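# Structural overview
Chain by chain, the residues run as shown.
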Amino acid sequence: MTTEGRDSFAQVMGRRFSTPLLAVSGLALVVGLVGTVAVSRVLTHTAVAAAPAAAQYLPPVSRQPEVAPDFTLPDQAGTAVSLSSLRGKEVLITFMDPQCTAQCPIMGQQLGSVEANLPANVRPVLLVVSVAAGRSAADVAHFTSHVSWQPGWHWLLGDQAQLRAVWATYHIAVQPTSGDVLHDQSLYVVNPQGLISVAYNAPLPIAAVASAITAHSSR
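Residues numbered from 1 in each chain as written. Predicted model: local features only at pLDDT ≥ 70, side-chain atom pairs only at ≥ 80, totals over all residues. Heavy atoms only, no water.

### Things to note about the overall build of the protein chain
Helices and strands together make up the secondary structure of the protein chain, namely 5 helices and 11 strands. Relative to its full complement of 219 residues, the protein chain shows a buried share of 44%. Partitioning the contacts of the protein chain with sequence separation of at least 6, the portion at a separation of at least 24 is 69%. With the model as given, the accessible surface of the protein chain reaches about 10900 Å², and the carbon-plus-sulfur share is 57%. (Helix = DSSP H or I, 4+ residues; strand = E, 2+ residues; numbered from the N terminus. Buried < 20%, exposed > 50% of the residue type's maximum accessible area, 1.4 Å probe, protein only. Contact = heavy atoms within 4.5 Å. Areas by Shrake-Rupley, 256 points an atom, 1.4 Å probe, with all protein chains shown as cover.)

### Things to note about the pairing of strand E5 (residues 91–96)
The element E5 is largely enclosed, with a buried count of 6 among its 6 residues. Relative to strand E6 (residues 125–130), E5 is paired through 6 bridges, and the arrangement is parallel. By the bridge assignment, Val 91 is partnered in E6 with Val 125. With respect to chirality, the unit in which E5 leads through helix H2 (residues 103–116) into the neighbouring parallel E6 is right-handed. (Pairing = 2+ DSSP bridges. Right-handed = clockwise from strand over helix to strand, strands pointing away.)

### A short note on unusual backbone geometry
Following Ala 202, the chain continues to Pro 203 via a peptide bond in cis, the omega torsion being 0°. Residue position: Pro 203 is located in the loop between strand E11 (196–201) and helix H5 (206–217). Unlike most non-glycine residues, His 171 shows phi in positive territory, near 55°. The residue His 171 is located in the loop between helix H4 (160–169) and strand E8 (174–176) in this model. Relative accessible area serves as the criterion here: at 30%, His 171 is assigned to the partly exposed category.

### Focus on the pairing of E6
Of all 6 residues that make up E6, 6 are buried, and the element is covered over most of its length. Burial along E6 is two-sided: Val 125, Leu 127 and Val 129 and Leu 126, Val 128 and Ser 130, pointing in opposite directions, are all buried.

### Quick notes on the environment of Val 114
Mapped onto the elements of the fold, Val 114 is located in helix H2. Leave out the neighbours within four places in its chain, and Val 114 touches Leu 204, Ile 206, Val 209, Ala 210 and Ile 213.

### Here's the deal with the packing of aromatic side chains
The final tally for this structure, using the stated rule, is 7 aromatic pairs. Here Phe 143 and Trp 149 contribute two aromatic rings whose centre-to-centre distance is 6.4 Å and whose plane-to-plane angle is 45°, an arrangement assigned as tilted. Trp 149 carries the same exposure label as Phe 143, and that label is buried. Ring geometry for Trp 149 and Trp 155: centres 6.3 Å apart, planes at 25°, overall stacked. One exposure class covers both Trp 149 and Trp 155, and it is buried. Of the aromatic side chains, those joined through ring pairs into one cluster are Phe 71, Phe 95, Tyr 170 and Tyr 188. (Phe/Tyr/Trp six-rings, centres within 6.5 Å; stacked < 30°, edge-to-face > 60°.)

### Some words on the nonpolar core
Residues Met 96, Leu 111, Trp 149, Trp 155, Leu 204 and Ile 213 are the most contacted members of the largest nonpolar core, which totals 27 residues. Counting only elements with at least two residues in this core, the list comes to E5, H2, E6, helix H3 (137–144), strand E10 (186–190), E11 and H5. Core analysis: the second largest hydrophobic core is formed by 26 residues, Phe 71, Val 81, Val 91 and Val 181 among them. (Core = buried A, V, L, I, M, F, W, Y, C linked by side-chain atoms within 4.5 Å.)

### Focus on the side chain of Thr 144
Relative to the helices and strands, Thr 144 resides in helix H3. Look past the residues within four positions of Thr 144 in its chain and what remains in contact with it is Trp 149, Trp 153 and Trp 155.

If you want it as structure tokens, here you go:
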């Protein structure tokens, strides 16, 4: 990982610490400040803000990846979908509002670009969890008419209590406003074993995400 990548990662997924200044002569001249990055787990992230494109989660050294919290929600067709039922498949989890006209359409297009960069034999299941209750299948159909996703995706709906429980377990902060719903724009990649293998904040680095999904799918 380059210096630029480490800095970007630290700003979103970890805390930054610095070492004391070193004295190199009797005059105590300051010659540098050495930064060290403390890597923290992705499920401790709670801020509602745009993040650097290269923000990436990897498990801390000597720790296992996080188990993706299970949930069950109805999709746009009214079918109950649970994360545990998709064990054995690569799963992408993200959070959007089908009525959004600002950031969510961008994320939707980026997800399509990620899928377009995957090999033909790599087809993860895309789960989109709504960040607003009361949305309908018609809302979802309108949104998805403007994106190009591979078949097999599910847009998960529900009431406020159902959705809030999922937001909480994935530490997605949601703040409705008069004209929009502010929320964390995150993409979680869950491997076939049900573990969060990598995660990104928007805007997505398309090639890097596709590469990570391909690598995890081939294991």
